[in-house]
Amino acid sequence: MTVDGDTVSAVTFDRAYRAAVEQTRQMAGERWTEELPRMLRLREQVVERLIDERLVARGAAREGIQVSDAELAEQIHARRRLPGGRPLLRASATCGSSR
């Protein structure tokens, strides 16, 4: 996948996807099923996050703003969490919708 001329490798995607699956597995606990990642559209969410990270980094570079990868990732993840640090899931996932 390429984002604004920046290639996102299969290895990068795979690592991000595995991390998302593991986080979901931990959150779901006993409710975990092998279908849950598909139901939550985790692949799509990971792709969106990777795109967001690269576009934000490109925009910051154009503006002369420099931040480390860790700082950028921390801010993106912080915006996807509820108060108290719980990860934000899509409404369809939390309501049991099977879209």
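Further up the page is the structure itself.
For clarity, every value in this text was computed on a predicted model and none was experimentally measured. (Residues numbered from 1 in each chain as written. Predicted model: local features only at pLDDT ≥ 70, side-chain atom pairs only at ≥ 80, totals over all residues. Heavy atoms only, no water.)

Student: Please explain the pattern of salt bridges as it appears in this structure.
Tutor: For the coordinates displayed, the defined rule picks out six salt bridges. For the salt bridge of Arg54 with Asp6, the shortest nitrogen-to-oxygen distance reads 3.6 Å. With Arg54 in helix 3 (residues 42-62) and Asp6 in strand 2 (residues 6-7), the pair connects residues that are 48 residues apart, well separated along the chain. Through salt bridges with shared partners, a single ionic network connects Asp6, Arg49, Glu53 and Arg54. (Salt bridge = Lys/Arg side-chain N within 4 Å of Asp/Glu carboxyl O. Helix = DSSP H or I, 4+ residues; strand = E, 2+ residues; numbered from the N terminus.)

Student: So what exactly am I meant to see when it comes to the nonpolar core here?
Tutor: Inside soluble globular proteins, nonpolar side chains tend to come together where they are buried. The biggest cluster of nonpolar side chains holds 14 residues, and the ones touching the most others in it are Tyr17, Leu42, Val46 and Leu50. With six residues, helix 1 (residues 10-28) is the largest single contributor of residues to this core. (Core = buried A, V, L, I, M, F, W, Y, C linked by side-chain atoms within 4.5 Å. Buried < 20%, exposed > 50% of the residue type's maximum accessible area, 1.4 Å probe, protein only.)

So yeah, pure geometry; function would need other evidence.
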